[in-house]
Amino acid sequence: MSEAGERSARRSRQARRSGLAGRRAEWLAILWLSAKGYRLLDRRFGGKGGEIDLVMRRGRTIAFVEVKARSRIEDAMAAVTAEKRRLVERRVRQWLARNPWAVGHDLRADAVFLAPWRAPRHVPAAFDLVL
């Protein structure tokens, strides 16, 4: 195999591992939030250019949840950048356009941060939604 082929194969393995870790983190966040009374409405809404990891509902609150898993909770918290917030806001507008019933609800941008050997940290209203 050529050097370029080996690099490509290595990237593919890393992408698969990263994708698996992301799905695992999302399932942990779903379980954590479900235990707090939230119900899953949507998962991985969007696509290229950004996505909403989870859309959860509890009562009249619709929470658009960003899930971040890192080796340290502090690193996970730092991973929600201003650019990521803008991408989430764009997807929230798209989700609301497809789900107009939700417009009258309380809308919130939450986050769940995960790190090994630590309890998940759910942060309600982690950032303001500018819709």
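Definitions and cut-offs
Residues numbered from 1 in each chain as written. Predicted model: local features only at pLDDT ≥ 70, side-chain atom pairs only at ≥ 80, totals over all residues. Heavy atoms only, no water. Phe/Tyr/Trp six-rings, centres within 6.5 Å; stacked < 30°, edge-to-face > 60°. Helix = DSSP H or I, 4+ residues; strand = E, 2+ residues; numbered from the N terminus. Buried < 20%, exposed > 50% of the residue type's maximum accessible area, 1.4 Å probe, protein only. Salt bridge = Lys/Arg side-chain N within 4 Å of Asp/Glu carboxyl O. Pairing = 2+ DSSP bridges.

Participant: Would you mind going over the packing of aromatic side chains with me for this structure?
Facilitator: The relation between two aromatic rings is expressed through the spacing of the ring centres and the mutual angle of the planes. If you walk through the whole model with that rule in mind, you get two aromatic pairs. For the ring pair Phe64 and Trp95, a centre distance of 5.4 Å and an interplane angle of 80° mean the geometry is edge-to-face. Of this pair, Phe64 sits in strand S3 (residues 61–69) while Trp95 sits in helix H3 (residues 82–98), and the two are 31 residues apart along the sequence. The pair formed by Phe64 and Trp95 is uniform in burial state, with each residue classed as buried. Ring plane angle 75° and centroid distance 6.0 Å describe the contact between Trp95 and Trp101, whose orientation is recorded as edge-to-face. Taking the relative accessible area as the measure of exposure, Trp101 reaches 42% and is therefore partly exposed.

Participant: Would you mind showing me how to read the pattern of salt bridges here?
Facilitator: Oppositely charged side chains can pair when the atoms bearing their charge come close. The final tally for this structure, using the stated rule, is seven salt bridges. For Arg86, the salt bridge is made with Glu83, and the minimal N-O distance between the two is 2.8 Å. Here the residue Arg86 and the residue Glu83 both occupy positions in helix H3, the gap between them amounting to three residues, near one helical turn. With its nearest N and O atoms 2.7 Å apart, the salt bridge here joins Asp110 to Arg108. Overall, the relative accessible area of 0% leaves Asp110 in the buried class.

Participant: Help me out: how do you make sense of the pairing of S3 in this one?
Facilitator: On a regular strand, each side chain points to the face opposite its neighbour's, so the side chains alternate between the two faces of the sheet. Of all the nine residues making up S3, eight are buried; the element is thus mostly covered by neighbouring parts of the structure. Two strands pair when backbone bridges link them, and strand S2 (residues 50–58) and S3 are joined in this way by five bridges, in the antiparallel orientation. For Leu54, the partnering residue across the bridge sits in S3 and is Val65. With nine bridges joining them, S3 and strand S4 (residues 106–114) adopt parallel strand pairing. Pairing of Ala69 across the sheet is with Leu114, part of S4.

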